[in-house]
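Overview (structure and organization)
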Amino acid sequence: MRQKAFATALLLALLLAAGCTDRIDYRLPANPQAFIGSDFVNPDNPDDAYLSFTYNGRTYIPYGALQGRLTGKDVGPCLGYLLGGEVKDDHTRVFGLRADPDGHWMAIISRDGFMEQPSFWRAVDTVGQDIPVPEFIISLHYDFWE
């Protein structure tokens, strides 16, 4: 009877630990990047402008929203936080995607997360290219990407 209780407790602990690996790790790295927002204007349409940020020499603008569920297995380590003007947005974090080793995509995820859904940003240098879109991203059909 004691062995059965121990085995059950061990199994529950393992199941709980496995569930924790699905969680997104919002911890900032030791030297987090401050992602500074700026304007990006579509070169083909001056009336089509977007908020953008730059990372590793590439400019990213909004592309889509979450379709389904996002887990810690989908996003890489936190890269940093958004900086609007002089204001550090400590709750909004920037992540790369694990399924995207080429860095075409970035995820903006609120640490609070309950009311704010993740948004997905795409590198502007991929416009016109047929790059894989992760299954959890749904396009919001911004003019630039159409």
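Residue numbering note: each chain is counted from 1, following its sequence as written. Two thresholds apply to this predicted model, a pLDDT of at least 70 for residue-level local features and 80 or more for giving and counting side-chain atom pairs, whereas whole-chain, interface and lining totals are computed over all residues. Derived side-chain values reflect all non-hydrogen atoms in the structure, with water molecules and hydrogen atoms excluded from consideration.

Overview of the overall build of the protein chain
Looking only at helices and strands, the protein chain features one helix and nine strands. Helical segments are the DSSP runs of H or I of at least four residues, strand segments are the runs of E of at least two, and each set is numbered from the N terminus. For the protein chain, the N- to C-terminal ordering of α and β elements is α-β-β-β-β-β-β-β-β-β. Each residue gets one of three labels from its accessible area relative to the maximum for its type: buried under 20%, exposed over 50%, partly exposed in between, using a 1.4 Å probe on protein chains only. Across the 146 residues in the protein chain, those meeting the buried criterion constitute 38%. By definition in these notes, contact holds between two residues if any of their heavy atoms fall within 4.5 Å. Within the protein chain, residue pairs in contact and separated by at least 24 positions form 56% of the contacts whose partners lie at least 6 positions apart. Total accessible area on the protein chain stands at roughly 9,400 Å², and carbon and sulfur atoms take up 56% of it. With residues, only the protein chains shown are counted as cover, and all accessible areas are computed by Shrake-Rupley using a 1.4 Å probe.

Side note on the nonpolar core
Membership of the largest hydrophobic core comes to 21 residues, with the highest contact counts inside it found for L70, L97 and F120. Contributing elements (two or more residues each) for this core: strand 4 (58-66), strand 5 (75-84), strand 6 (87-97) and strand 7 (105-110). In this structure L70 touches I24, V75, I109, P118, F120 and F136, once residues within four positions along its chain are discounted. One finds F35, V94, M106 and I108 within the second-largest nonpolar core, a separate group that totals nine residues. Put simply, buried Ala, Val, Leu, Ile, Met, Phe, Trp, Tyr and Cys residues joined by side-chain atoms within 4.5 Å make one nonpolar core.

A few points about the pairing of strand 3 (residues 49-55)
Paired strands, as defined in this entry, are two strands with at least two bridges between them according to DSSP. Sheet analysis places strand 2 (residues 38-41) next to strand 3, joined by four bridges and oriented antiparallel. The residue bridging D39 from the neighbouring strand is L51, located in strand 3. The loop that links strand 3 with its antiparallel partner strand 4 comprises two residues; one of these, N56, has a positive phi angle of about 50°.

Some words on the side chain of T92
You can see T92 is positioned in strand 6. Residue class for T92 comes out buried when judged on its relative accessible area of 9%. The residues touching T92, leaving out its near neighbours within four places in the chain, are G80, Y81, L82, I108, I109 and S110.

Side note on the packing of aromatic side chains
The criterion for an aromatic pair is that two Phe, Tyr or Trp rings (for Trp, the six-membered ring) have centres within 6.5 Å, with stacked assigned to planes under 30 degrees apart, edge-to-face to planes over 60 apart and tilted to the rest. Considering all chains together, one arrives at 12 aromatic pairs under this definition. With a centroid separation of 6.0 Å and 85° between ring planes, the pair formed by Y26 and F95 is classed as edge-to-face. Of the two residues, Y26 is situated in the loop between helix 1 (2-20) and strand 1 (33-36) and F95 in strand 6; the sequence distance between them amounts to 69 residues. Overall, F95 belongs to the buried group, its relative accessible area being 0%. Pairing F120 with F136 gives two aromatic rings, centres 5.6 Å apart and planes at 50°, and the pair type is tilted. Placement of the pair is F120 in strand 8 (residues 119-123) and F136 in the loop between strand 8 and strand 9 (137-139), with a sequence separation of 16 residues. According to the relative accessible area criterion, F120 is buried, its value standing at 0%. A relative accessible area of 9% means that F136 is categorised as buried.

Looking at the environment of G68
On the secondary structure map, G68 appears in the loop between strand 4 and strand 5. Residues G68 and E135, spaced 67 residues apart in sequence, show a C-alpha to C-alpha distance of 8.6 Å.

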